[in-house]
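# Coordinate inspection notes
Single-letter residue listing:
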Amino acid sequence: MLLRGKKVLLGICGGIAAYKIPMLVRALIKEGAEVRCVMTSEAGQFVSPLVLSTLSGYPALSAYTAQESGSAVWNSHVELGLWADVFLIAPLTANTLAKLAHGQSDNLLTATYLSARCPVLVAPAMDLDMMAHPSVQSNLKQLTSYGIEVVEPEFGFLASGLEGKGRMPEPEHLLERIQTRMGRGPLSGFKLLINAGPTYEPIDAVRFIGNHSSGKMGVEIALEAVRRGAEVYLVHGPLRFTLPDAAFAQVVPVVTAAEMERACSEWFDRCDGAILSAAVADFRPADPKANKIKKDQAPEAIQLEPTPDILAGLGTKKRTNQTLIGFALETDNGLDNAWKKLTRKNLDWIVLNEPGPETGFGTETNRAWLVHKSGEKRDSGLVSKAELAGQILDVLTHAAP
Ligand code: CTP
């Protein structure tokens, strides 16, 4: 009953994903919330107001006035806006988004939005090309600048028959976002160390040994963990993109494996768990030169030495109330090798990646096996890195002490 006593207002627009909202109403009520619904007139084509009223116990409103016992009753948008502790608009269509971004108020839902004093979340859902349109993206940025929280749409099959980014997240994920916004997220109070990206091991002042990791997978995990309420300590190597703004507890940029090890082992002791997704270089030049090596002084060979295995190091000092999740990148005998790594490094879970055209370094999507120390295995399916991040955090939530 994580939402006991909380008043949740749902705003529903005319999009196909509206058919999932009754499940959200039920889930919210199960968590102890009081729920009211306000909808656009088009939303009624996709979800029955009667179903919403029956489940929530309040009329699902779409008009400013209603007829009751022969006389007109005013459905006050001001009263609704003040009543709510949190307001989620889902699915948010491109049309209503444009109105919210520009303060246009031509129906009960948009007027209620302008009157609301509580935190507002929106879950845009539309076809992939509409979603990607610069005007929609700019309107979403506008909402973010007003302090509205945008629940990113998911990647997958769309009602149009196309496949891409545009699906409304499932009701359980919307529920989690509401819980987190209310300070009652599934990972609220959980201190989580995450590492991400490659490490660069210097050969001389300008050259290094590195790898193709972009850091995207680890950063997606970190962002999703913040959304779920965790206190996130992110240690990252050189990223191939700008780290998005998020409420991280601490961000430590590093370059080499040695620096990453120092930061991770310092933070791990204070954390409840760690997810180590970084592509740490396994070897480094044994004798890096402080200056640039001149062409005519090129060595015949570069002597290498192993870097510290950060994950194995954390595995040796892991407390029984800490959860440790590692990654394995394998091209052959994936499950066997991942299992060996899990036992050798004393992990609770290992995420096995097998690089392919749609998975691995630099791709938008990924597919992984999530293997537990009990032998349980879960196939993530081919999903966006953000969705895989969610699946990894789901196992962490269940493992959390
Ligand atoms: N890892 C680490 N420190 C290293 C190397 C790897 O912490 N020096 C971690 C990675 O972050 C990952 C896990 O160990 O979570 C497995 O990494 P992977 O490259 O698959 O395996 P290795 O242990 O390096 O073994 P091998 O290269 O032989 O497969």
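No experiment lies behind these values; they were computed from the predicted model shown.

### Things to note about the layout of surface pockets
In this model, the largest pocket occupies a volume close to 1300 Å³. Taken together, 41 residues line the largest pocket, and the ones lying closest to its centre are Glu152, Lys165, Glu220, Arg227 and Ala386. Within the residue set of the lining of the largest pocket, elements represented by two or more residues are α7 (134–145), β7 (149–150), β8 (154–157), α8 (171–181), α9 (216–227) and α13 (385–399). Residues belonging to the lining of the largest pocket are distributed by class as follows: 13 nonpolar, 8 polar and 20 charged. Mapping the lining of the largest pocket onto the domain boundaries places at least three of its residues in each of domain 1 (7–181) and domain 2 (191–399). Of the pockets and cavities examined, the second largest pocket occupies roughly 800 Å³. For the second largest pocket, the lining is made up of 35 residues, of which Ser277, Ala278, Ala279, Val280 and Leu329 are closest to its centre.

### So, the environment of Ile392
Tracing the sequence through the fold places Ile392 in helix α13. The exposure class assigned to Ile392 is buried, which follows from its relative accessible area of 0%. Measuring from C-alpha to C-alpha, the distance between Ile392 and Leu52 comes to 32 Å, with 340 residues separating the pair along the chain. Setting aside its immediate chain neighbours within four residues, Ile392 contacts Met217, Ile221, Ile275, Ile325, Phe327, Val351 and Leu370.

### Quick word on the site of the ligand
Lining the immediate surroundings of the ligand are 16 residues, of which Leu276, Ala278, Phe327, Lys341 and Lys345 lie closest. One of the side-chain N or O atoms of Asp282 is found 2.9 Å from an oxygen atom in the ligand. When the free accessible area of the ligand is taken as 570 Å², the share hidden by the protein chains comes to 78%. Here the ligand is seated within the second largest pocket. Listing elements by their share of the shell around the ligand, those giving two or more residues are α11 (310–317) and β18 (323–329).

### Describing the sheet that holds strand β14 (residues 250–253)
What links the strands of a sheet is backbone hydrogen bonding, and the strands pair in either a parallel or an antiparallel sense. An order of β14-β13-β10-β15-β18-β19-β21-β22 is seen for the 8 strands of this open sheet, with the pairing classed as mixed. Both edges of this open sheet fall to β14 and β22 (377–379), since each of them pairs with a single strand only. In this sheet, adjacent strand axes meet at a mean angle of 15° when their direction is disregarded. Inspection of the sheet shows strand β21 (residues 368–372) paired to β22 by 3 bridges, in the antiparallel sense.

Rules used in this analysis
- Residues numbered from 1 in each chain as written.
- Predicted model: local features only at pLDDT ≥ 70, side-chain atom pairs only at ≥ 80, totals over all residues.
- Heavy atoms only, no water.
- 1 Å grid on protein atoms, 1.4 Å probe; cavity = no way out; pocket = protein on both sides within 12 Å on 5 of 7 lines; lining within 4 Å.
- Points joined across faces, edges and corners; volume = space filled by probe spheres on them.
- Helix = DSSP H or I, 4+ residues; strand = E, 2+ residues; numbered from the N terminus.
- Nonpolar A, V, L, I, M, F, W, Y, C, P; charged D, E, K, R; others polar.
- Domains from an automatic or database assignment.
- Buried < 20%, exposed > 50% of the residue type's maximum accessible area, 1.4 Å probe, protein only.
- Contact = heavy atoms within 4.5 Å.
- Near = heavy atom within 4 Å.
- Polar contact = N/O pair within 3.5 Å; in protein donor to acceptor, adjacent residues only side chain to side chain.
- Areas by Shrake-Rupley, 256 points an atom, 1.4 Å probe, with all protein chains shown as cover.
- Sits in = over half its atoms within 2 Å of the grid points.
- Pairing = 2+ DSSP bridges.
- Axes fitted to C-alpha atoms, helices over the stretch in contact; angles between N-to-C directions.

Shape descriptors only; they carry no functional weight alone.
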